[in-house]
Amino acid sequence: MNVEELVDKVASGEVKLHQVERYTNGDKRLATEVRRRALEKKLGVSLENIGHYSIDPERVIGKNIENMIGVVQIPMGVAGPLKINGEYAKGEFYIPLATTEGALVASVNRGCSALTAAGGVKTTIIDDKMTRAPLLKCPDARRAREVAEWVKGNIEYLQEKAVSKVTRHGKLRDVKPYIVGNNLYLRFEFETGDAMGMNMVTISSEEIMKVIEEHFPDVRYLALSGNVCVDKKPNAMNFINGRGKTVIAEAVIPREIVEKKLKTTPELIAEVNYRKNLVGSAQAGSYGFNAHFGNIVGAIFLATGQDEAQITEGSHGITLAEVTPEGDLYVSVTMPSLEIGTVGGGTRVPTQREALSIMGVAGGGDPPGTNAKKFAEIIAGAVLAGELSLLAAIAAKHLAKAHAELGR
Ligand SMILES: CC(C)(COP(=O)([O-])OP(=O)([O-])OC[C@H]1O[C@@H](n2cnc3c(N)ncnc32)[C@H](O)[C@@H]1OP(=O)([O-])[O-])[C@@H](O)C(=O)NCCC(=O)NCCSC(=O)C[C@@](C)(O)CC(=O)[O-]
Ligand SMILES: NC(=O)C1=CN([C@@H]2O[C@H](COP(=O)(O)OP(=O)(O)OC[C@H]3O[C@@H](n4cnc5c(N)ncnc54)[C@H](OP(=O)(O)O)[C@@H]3O)[C@@H](O)[C@H]2O)C=CC1
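Residues numbered from 1 in each chain as written. Chains lettered and ligands numbered in written order. Predicted model: local features only at pLDDT ≥ 70, side-chain atom pairs only at ≥ 80, totals over all residues. Heavy atoms only, no water.

The chain appears in an unreviewed UniProt entry as 3-hydroxy-3-methylglutaryl coenzyme A reductase from Thermococcus radiotolerans. The UniProt entry for the chain carries the following comment under Sequence similarities (unreviewed entry): "Belongs to the HMG-CoA reductase family." According to its UniProt record, the chain has this under Pathway (unreviewed entry): "Metabolic intermediate biosynthesis; (R)-mevalonate biosynthesis; (R)-mevalonate from acetyl-CoA: step 3/3." (UniProt positions renumbered as here; feature names shortened; annotations may be inferred.)

Looking now at the packing of helix α11 (residues 293-304) against helix α13 (residues 350-358). The contact between α11 and α13 brings their axes to 7 Å, and the two run at 120°. The angle between the axes of α11 and α13 places the two elements in the oblique class. Along the contact surface, α11 presents L302, A303 and T304, while α13 presents T351, Q352, A355 and L356. Classifying every residue of the contact of α11 with α13 by side-chain character gives four nonpolar, three polar and no charged. (Axes fitted to C-alpha atoms, helices over the stretch in contact; angles between N-to-C directions. Helix = DSSP H or I, 4+ residues; strand = E, 2+ residues; numbered from the N terminus. Parallel < 35°, antiparallel > 145°, perpendicular 65-115°, else oblique. Contact = heavy atoms within 4.5 Å. Nonpolar A, V, L, I, M, F, W, Y, C, P; charged D, E, K, R; others polar.)

Further remarks concern the site of ligand 1. If you check the shell around ligand 1, you find 21 residues, and the closest are S107, K261, K263, K276 and S389. The side chain of K263 places a nitrogen or oxygen atom 2.7 Å from an oxygen atom of ligand 1. Interatomic distance of 2.7 Å between a side-chain N/O atom of S389 and an oxygen atom of ligand 1. Its free accessible area being 1,100 Å², ligand 1 has 62% of it covered by the protein chains. Sorting the residues of the shell around ligand 1 by element identifies α4 (104-117), α14 (370-395) and α15 (399-406) as the ones contributing at least two each. No other element matches α4, which puts five residues into the shell around ligand 1. Split into classes, the residues belonging to the shell around ligand 1 amount to nine nonpolar, seven polar and five charged. (Near = heavy atom within 4 Å. Polar contact = N/O pair within 3.5 Å; in protein donor to acceptor, adjacent residues only side chain to side chain. Areas by Shrake-Rupley, 256 points an atom, 1.4 Å probe, with all protein chains shown as cover.)

Bringing the nonpolar core into the picture now. In terms of nonpolar packing, the biggest core is built from 55 residues, with L97, L115, I269, M335, L338, I379 and L388 touching the most fellow members. If you tally residues by element for this core, the top one is α14, at 14 residues. Not counting residues up to four positions away in its chain, the partners in contact with I269 are V258, L262, T264, A321, L329, L388, L391, A392 and A395. Core analysis: the next-biggest nonpolar cluster, separate from the first, contains 27 residues, A148, V163, F188 and M209 among them. (Core = buried A, V, L, I, M, F, W, Y, C linked by side-chain atoms within 4.5 Å. Buried < 20%, exposed > 50% of the residue type's maximum accessible area, 1.4 Å probe, protein only.)

On to the state of the cysteines. Using the criterion set out here, one finds zero disulfides in the structure. With no disulfide of its own, C138 lies 16 Å from the sulfur of C229, the closest cysteine sulfur. Residue C138 is classed as buried on the basis of its relative accessible area of 4%. (Disulfide = S-S within 2.5 Å.)

In the vicinity of ligand 2 there are 23 residues, among which T167, H169, D194, G197 and D307 approach most closely. Contact between ligand 2 and T167: an oxygen atom at 2.8 Å from a side-chain N or O atom of the residue. At 3.4 Å from an oxygen atom of ligand 2 is found a main-chain nitrogen or oxygen belonging to M196. Coverage of ligand 2 by the protein chains reaches 74% of its 940 Å² of free accessible surface. In terms of residues, the shell around ligand 2 owes the most to one element, helix α7 (residues 198-215), which gives four residues. Across the shell around ligand 2, the residue classes tally to six nonpolar, ten polar and seven charged. A domain-level breakdown of the shell around ligand 2 finds at least three residues from each of domain 2 (76-128 + 244-406) and domain 3 (134-223). (Domains from an automatic or database assignment.)

As a further point, take the domain arrangement of the chain. Along its sequence, the chain is carved into domain 1 (3-60), domain 2 (76-128 + 244-406) and domain 3 (134-223). Distance from the C-alpha centre of domain 2 to the C-alpha centre of domain 3: 34 Å. Domain 2 puts 18 residues into the contact, and the matching count from domain 3 is seven residues. With both chains or domains summed, domain 2 and domain 3 bury close to 770 Å², and 45% of this area falls on carbon and sulfur atoms. It is D128, V343 and P368 in domain 2 that bury the most area against domain 3; as a group they hold 39% of the surface buried on that side. Remark: the boundary between domain 2 and domain 3 carries one salt bridge. (Buried area = accessible area lost by both parts, 1.4 Å probe. Salt bridge = Lys/Arg side-chain N within 4 Å of Asp/Glu carboxyl O.)

Now the structure itself:
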């Protein structure tokens, strides 16, 4: 069948979208073009821009995407330099941000400028784990408790018998059981090196379930994810117990810098933060006791190939601002659930990998895990920059003007 015939057959539905590779001798670039052209024909639309890209379909189909028709492009800007005094990120960094929201990059850039002039951001990682919580249906709550106790006492055994079969970098380090009636949710905690880890921990958890079913034939493994993990949904669990990296970025900004660069005062920033981010968020029942973590996390996630659905949990967290006894401004962001990686998933897509390389965090670290931790510290620093600048703009009543000038 020639290409024109194939396009027609796909447009008519005779060949399904996911079957096209069968007719292109496995040529994925051609299959991508055929699907796009079939869609153009069927819908009477032009997808010319979606069809212009540098990413090789051979590298992403089958690992990152199915039914590929092309690529969507998001403008990418860069903010910085931002000085970070972290335990992993040390020095000045440029932060790639993919967004279509005018004024966002300018704002993060302004925050970077103020923070760097103030001596930089101090970052601290409090915890680091990826979780998966399978659901087991037990005869009753007492049996559920027995299973949970056995699992708690057999972490090393499960690592050896199940997890080590799946992954070299994934390590089962703990489990937190939750029991509801006869349901047992085993929230497994894993170290995942430089990977965000969801594939690693999901496949490992299934192996663990096999071992548990062998030991407890009266217990039925019902769902690999029991929603206590918690992945890709707003939730209190990750806010309180953490998931991915739990990281804090903080800085003290001298009053002169607040006045000169941010056009306001430490007192006004602290008051706006208290009344907006803390009281306002409490009134709204929000998990985001912050101004716009989601903006910065989202733009970095899109630029660097992170799982975009996990921007949800990345947007959780608390911003603090207070005036120091010396009259300067202390600011911090506490991010309980930053689920990120520098290997695996979308990080291997060439454009995204280049974006990671801007920060010196593409690929695995030496030792493993250090690159992802460095990346987490850089994100937290950038989030602090964004929070600081937006809070200042709101305090100075510059928000509407900024977006009128840069966003329309
Ligand atoms: C727009 C600014 C930065 C102007 O701020 P400014 O202080 O008037 O600007 P400036 O010209 O005096 O320059 C100060 C610094 O800003 C940066 N800067 C300034 N202009 C640019 C530019 N064009 N491109 C790149 N960087 C720029 C630059 O770093 C510069 O310092 P330097 O490096 O020169 O020493 C400021 O008004 C601002 O930050 N506004 C806030 C905008 C913002 O944060 N938007 C985020 C999205 S809002 C949203 O989506 C969430 C929301 C609001 O709904 C959440 C909520 O409910 O709170
Ligand atoms: N399965 C699911 O339920 C879900 C999957 N996802 C998706 O999962 C993907 C991410 O899964 P993830 O497990 O992070 O990625 P991968 O599945 O790509 O696993 C990471 C791979 O990198 C290897 N690796 C090499 N060097 C390192 C290093 N330094 N540190 C860690 N691993 C290293 C690992 O080897 P080895 O394993 O031998 O150590 C492993 O093969 C994303 O595409 C995401 O969208 C998201 C949510 C749910």
